[in-house]
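# Analysis of the macromolecular model
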Amino acid sequence: MAGLYKSEFKNPVINWLDSRLPIFTMMQREYGAFPTPRNFNYFWSFGGLAMVALMVMILTGVFLAMHYVPAADRAFDSVEHIMRDVNYGWLIRYVHMNGGSMFFIVVYIHMFRGLYYGSYKSPRELLWMIGVAILLLMMATAFMGYVLPWGQMSYWGATVITNLFSAIPFVGKAIVTWLWGGFSVDNATLNRFYSLHYLLPFVIVGVVFLHVVALHITGSNNPLGIEPTGPQDTIPFHPYYTIKDMVAMVVFLTLWAALVFFAPNLLGNPDNYIPANPLSTPAHIVPEWYLLPFYAILRSIPNKLFGVIAMFGSILLLFVLPWLDTSPVRSANFRPLYRIFFIPFVIACVVLGIVGANPPQGSWLLIGRIATAWYFLHFLVILPLIGKFERPLPLPESILQPVLRQGGGSGGLPAGATAAPREVS
Amino acid sequence: MRRLIPACLAAAALVASVGAPRIAVAEEGMPSVDWSFSGPFGGFDYASAQRGFLIYQNVCANCHAMHLLHYRDLAGIGLSEEQIKAIAASVQVPGLDDSGQPKDMPGTPASQFRSPYPNELAARAALNGAYPPDLSVIANAREGGPTYIHALITGYADPPADMKMADGMYYNQYFPGHQIGMPQPLQDDSVTYTDNVKPTLDQEARDISTFLMWAANPYLTERKRMGVHIVLFLLFMTGVTYAVKRKVWSDLH
């Protein structure tokens, strides 16, 4: 339907703008009045934290790109130039470097929250799948970003990871040469990684937008995993969740700052302060910590091709998770069996991370294989079966019911509880 | 829910500690040193860093380059403009004369630290095939950092009886593989300090480690000072924000 939108904003300038492009109305509807389940815990802040991390990464990255030189013989020194000669370059670089870790910590917690509370279940399957796509894009971006300082781990990490594609039958070698733009990781590789490392974050922004749109179509899941039954179950996003997310954000920034200012190289590898040297292979080539679990899965399979398949499969599996989990109940709080099996799953993921940091020999190899097996077992066998045998606990009738029982226990509705949401709807 | 929080915290702690064991393993057995720059309130001991620079200049610089540093950077360890000019002028650095021909000339504060060899090949040719690494960021490039450097400098010893040393290699307790191409670089009284500090081997090792730590992290002191302010501010903001949150939510509960 053509024509001006009837804006309800009183301010004439905003009204004029809003009538022609109703972004003010959209913001008011999606982030102001947006009816949101009233029972979120702080795990529901991690999506917002990831958004903060993404924005900080893009902002610091843009400034780093102004001083960085993507050439094999100058990249390492240009990073050190940023650290030494650019005003507060060390700050920008350390924020960006540790920001990668903070972004992944937040996103992993966000994902474990989704797994625990069944946020991937109908009708949020697509929302979850878009999220998995974001994870894949993040991994690609982070991997290519780690190559840019052109230290030893940059170079050898790039060599190991790109070489994975050589496992593809028949065309593998050709694909790797094509990826490298030459016959080894070299200047051409660095240049394209730089280009893509600048491009992909904006692709992530686009996919995050889809993620948020999909979220606002279905509405958020919540710790009880039941849909709101009426306005009494929801509260407007603003001010309740804007302020709650702010609390989470300040704590998040505190941890990030502590890392940046007091231990900026804690999560990095000392070898990456050695300039890349194609003639000297480091004793242990390890990726950044957030890729270690997948690296462990790769190395726990004796066959290279199947190792690569298992590694990518471990993520691609998440795309079909909504159909692997056969239980209609979302929240693990009402799923006694799933709740138990969730613990060894988390342990397996953490163990895989530790195994990935260690050489694949002796007991590490065995532990890695058990954890890998458990990871796949969890998704492919345990999840489909639990749904069939588990007897879920009775679900509460509404979100408000247990909230009230927890809160005062008196049973009577506080005046504000019912009044606030009704104004909104 | 109650189980999820500790599980996730434990997971986060474990994941975060993945980086820690690497450092812990490297520091095993190394003599621990109480560095002035460790901890959130730490900062560089200028006197020690200046003594360390003296050692670098007189001993290390004969073989090791530090090409990421400029003489002007020495202001960061408290040297005055005049001192820096004098130090730079005492060194011949490669440049071009008026007719464009390569020519060594006295350095200026803007000059890069003079490299002892024009390139890696020249270094290897002169040093029996060994290449002394550039020391600009060495304190960040080794597990254990300055503690490792201190241990390495003081870690020379006679090889165990059953160990076969390769030609031209020296035994060092803390060097990976224990065979190092660098002969023991420092002994007691290797340098003469201008302050009243006694140049024992241990003291020299501390000073050179401090200098190299500064060279790799010239903004460490400023970084930590800023960090204390920012973290305190953020903790304060956490309190304020949480109080506001309680206030906003009070009409719901």
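Residues numbered from 1 in each chain as written. Chains lettered and ligands numbered in written order. Predicted model: local features only at pLDDT ≥ 70, side-chain atom pairs only at ≥ 80, totals over all residues. Heavy atoms only, no water.

### Brief notes about the overall build of chain B
- Scanning chain B from terminus to terminus reveals nine helices and four strands.
- Ordered by position from the N terminus, the helices and strands of chain B form the series α-α-α-α-β-β-α-α-α-β-β-α-α.
- In chain B, which comprises 253 residues, the proportion classed as buried is 40%.
- Considering only contacts in chain B between residues 6 or more positions apart, those separated by 24 or more positions represent 59%.
- Carbon and sulfur atoms provide 58% of the accessible area of chain B, an area that totals close to 13,500 Å². (Helix = DSSP H or I, 4+ residues; strand = E, 2+ residues; numbered from the N terminus. Buried < 20%, exposed > 50% of the residue type's maximum accessible area, 1.4 Å probe, protein only. Contact = heavy atoms within 4.5 Å. Areas by Shrake-Rupley, 256 points an atom, 1.4 Å probe, with all protein chains shown as cover.)

### Here we look at the overall build of chain A
- Along chain A, the regular secondary structure elements total 17 helices and two strands.
- Over its C-alpha atoms chain A spans a radius of gyration of 24 Å, differing by no more than 12% from the 22 Å that the globule rule assigns to 425 residues.
- With respect to the principal axes defined by its C-alpha atoms, chain A has extents near 75 × 60 × 45 Å.
- Here the contacts in chain A between residues at least 6 apart in sequence split such that 78% fall between residues at least 24 apart.
- Charged side chains in chain A number 24 positive and 18 negative. The centres of these two groups are separated by 7 Å. (Rg over C-alpha atoms; globule rule 2.2 N^0.38 Å. Lys, Arg positive; Asp, Glu negative; His and termini not counted. Charge placed at Lys NZ, Arg CZ, Asp CG, Glu CD.)

### Focus on a nonpolar patch on the surface
Residues and elements named next belong to chain A.
- Taken together, the side chains of Leu337, Ile340, Leu377, Leu380, Val381, Leu385 and Phe389 define a hydrophobic patch exposed on the protein surface, amounting to about 620 Å² of accessible area.
- Taken together, the elements giving at least two residues each to the nonpolar patch come down to helix 14 (336-356) and helix 15 (362-389).
- The element best represented in the nonpolar patch is helix 15, accounting for five residues.
- Among the structural elements, Ile340 can be located in helix 14. (Patch = residues over 30% accessible without salt bridge, like charges linked within 9 Å, V, L, I, M, F, W, Y side chains within 5 Å. Salt bridge = Lys/Arg side-chain N within 4 Å of Asp/Glu carboxyl O.)

### What to know about the environment of Ile343 of chain A
- Of note, Ile343 of chain A is situated in helix 14.
- Sequence-wise, Ile343 of chain A and Leu179 of chain A are 164 residues apart; in three dimensions their C-alpha atoms are separated by 39 Å.

### Description of the interface of chain A and chain B
- If you look at the interface, chain A gives 58 residues, while chain B gives 51 residues.
- On the chain A side of the interface with chain B, the three residues burying the most area are Arg84, Phe261 and Phe262 of chain A, jointly 16% of the side's total.
- Inspection of the chain A/chain B interface yields one salt bridge.
- On inspection of chain A and its partner chain B, the count reaches seven residue pairs in polar contact (both at pLDDT 80 or more).
- Looking at the side of chain A that touches chain B, the elements that each hand over two or more residues are helix 4 (75-84), helix 5 (89-116), helix 10 (237-262), helix 14 and helix 17 (415-424) of chain A.
- Here the element with the most residues in the side of chain A that touches chain B is helix 10 of chain A; it accounts for 16 residues. (Buried area = accessible area lost by both parts, 1.4 Å probe. Polar contact = N/O pair within 3.5 Å; in protein donor to acceptor, adjacent residues only side chain to side chain.)

### A word on the confidence of the model for chain A
- Put simply, chain A has an average pLDDT of 94, and 94% of its residues get 70 or more.
- For the stretch residues 408-425 of chain A, pLDDT sits under 50, and the model shows 18 contacts to residues farther than four places along the chain or on other chains. (pLDDT = per-residue confidence, 0-100.)

### Re the pairing of strand 2 (residues 102-106) of chain B
Residue and element names in this part refer to chain B.
- Relative to strand 2, strand 1 (residues 92-96) is paired through five bridges, and the arrangement is antiparallel. By the bridge assignment, Leu96 is partnered in strand 2 with Pro102.
- In this antiparallel pair of consecutive strands, strand 1 and strand 2, the connection spans five residues, and Gly100 shows a positive phi of 85°. (Pairing = 2+ DSSP bridges.)

### What about the nonpolar core?
- Residues Leu115 and Phe379 of chain A together with Tyr56, Leu74 and Phe211 of chain B are the most contacted members of the largest nonpolar core, which totals 171 residues.
- A per-element tally of this core places helix 5 of chain A first, with 15 residues.
- In this structure, Phe211 of chain B is in contact with Ala49, Gly52, Phe53, Tyr56, Met66, Leu74, Ile77 and Phe113 of chain B, ignoring residues within four places of it in sequence.
- Counting six residues, the second largest nonpolar core, distinct from the first, contains Tyr148, Ala151, Tyr156 and Ile180 of chain B. (Core = buried A, V, L, I, M, F, W, Y, C linked by side-chain atoms within 4.5 Å.)

### A word on the pattern of salt bridges
Residues and elements named next belong to chain A.
- Within this structure, the stated rule accounts for 12 salt bridges over all chains.
- Of the charged contacts in the structure, one is a salt bridge between Arg84 and Glu80, with a shortest N-O distance of 2.9 Å. Of this pair, Arg84 and Glu80 are both found in helix 4, four residues apart, which corresponds to roughly one turn of the helix. Each of the two residues, Arg84 as well as Glu80, counts as buried.

### A look at the packing of aromatic side chains
- For the structure on display, the rule yields 42 aromatic pairs over all chains.
- Consider the rings of Phe40 of chain A and Trp44 of chain A, whose centres lie 5.4 Å apart with planes at 20°: the pair is stacked.
- Here Trp44 of chain A falls in the buried class, since its relative accessible area comes to 9%.
- In this arrangement the basic side chain of Arg113 of chain A is found over the ring face of Trp44 of chain A, its NZ or CZ atom lying 4.4 Å from the centre.
- One cation-aromatic arrangement involves Lys245 of chain B over Trp249 of chain B; the distance from NZ or CZ to the ring centre is 4.7 Å. (Phe/Tyr/Trp six-rings, centres within 6.5 Å; stacked < 30°, edge-to-face > 60°. Lys NZ or Arg CZ within 6 Å of the ring centre and 35° of its normal.)

### Details of unusual backbone geometry
- Cis geometry is adopted by the peptide bond preceding Pro123 of chain A, which originates at Ser122 of chain A and carries an omega value of 10°.
- Residue position: Pro123 of chain A is located in the loop between helix 5 and helix 6 (125-147).
- The omega torsion of the bond from His238 of chain A to Pro239 of chain A falls at 5°, within 30 degrees of zero and hence cis.
- Along the chain, the position of Pro239 of chain A falls in helix 10.
- Residues other than glycine seldom take positive phi values, yet Asn128 of chain B does so here, at roughly 65°.
- Examined against the element boundaries, Asn128 of chain B turns out to sit in the loop between helix 5 (120-126) and helix 6 (138-141).
- A residue is classified by how much of its surface remains accessible, and Asn128 of chain B, at 69% relative accessible area, is exposed.

### Considerations on helix 4 (residues 81-89) of chain B
Residue and element names in this part refer to chain B.
- Among the residues of helix 4, Ile84, Ile87 and Ala88 are the ones counted as buried. Each buried residue of helix 4 sits inside an arc of 95° when the element is viewed along its axis, so together they form one side.
- Among the structural elements, helix 3 (46-58) and strand 2 are those in contact with the buried residues of helix 4. (Arc of directions from axis to C-beta.)

### Structural notes on empty space enclosed by the protein
Residue and element names in this part refer to chain A.
- Taken as a whole, this structure holds seven cavities of 30 Å³ or more when the rule is applied.
- In this model, the second largest cavity occupies a volume close to 130 Å³.
- What lines the second largest cavity is a set of 17 residues, and nearest its centre among them are Phe143, Tyr146, Gly157, Ile161 and Pro287.
- If you list the elements that add at least two residues to the lining of the second largest cavity, you get helix 6 and helix 7 (152-163).
- The leading source of residues in the lining of the second largest cavity is helix 7, at six residues.
- Residues belonging to the lining of the second largest cavity are distributed by class as follows: 14 nonpolar, two polar and one charged. (1 Å grid on protein atoms, 1.4 Å probe; cavity = no way out; pocket = protein on both sides within 12 Å on 5 of 7 lines; lining within 4 Å. Points joined across faces, edges and corners; volume = space filled by probe spheres on them. Nonpolar A, V, L, I, M, F, W, Y, C, P; charged D, E, K, R; others polar.)

### Digging into the side chain of Thr159 of chain A
Residues and elements named next belong to chain A.
- Of note, Thr159 is situated in helix 7.
- Of note is the side chain of Thr159, whose polar atom sits 2.8 Å from the backbone oxygen of Tyr155.
- Apart from residues lying up to four places away in sequence, Thr159 is in contact with Trp180 and Val185.

### With respect to the packing of helix 5 of chain A against helix 6 of chain A
Residues and elements named next belong to chain A.
- Close contact between helix 5 and helix 6 brings their axes to 12 Å; oriented N to C, the two are set at 155°. Relative to helix 6, helix 5 is oriented roughly antiparallel. In the packing of helix 5 onto helix 6, the handedness of the crossing is left-handed. Here helix 5 contributes Phe103, Phe104, Val107, Tyr108, Met111, Gly114 and Leu115 to the contact with helix 6, which in turn contributes Trp128, Leu135, Met138, Met139 and Ala142. (Axes fitted to C-alpha atoms, helices over the stretch in contact; angles between N-to-C directions. Parallel < 35°, antiparallel > 145°, perpendicular 65-115°, else oblique. Left-handed = near helix turned anticlockwise from the far one by under 90°.)

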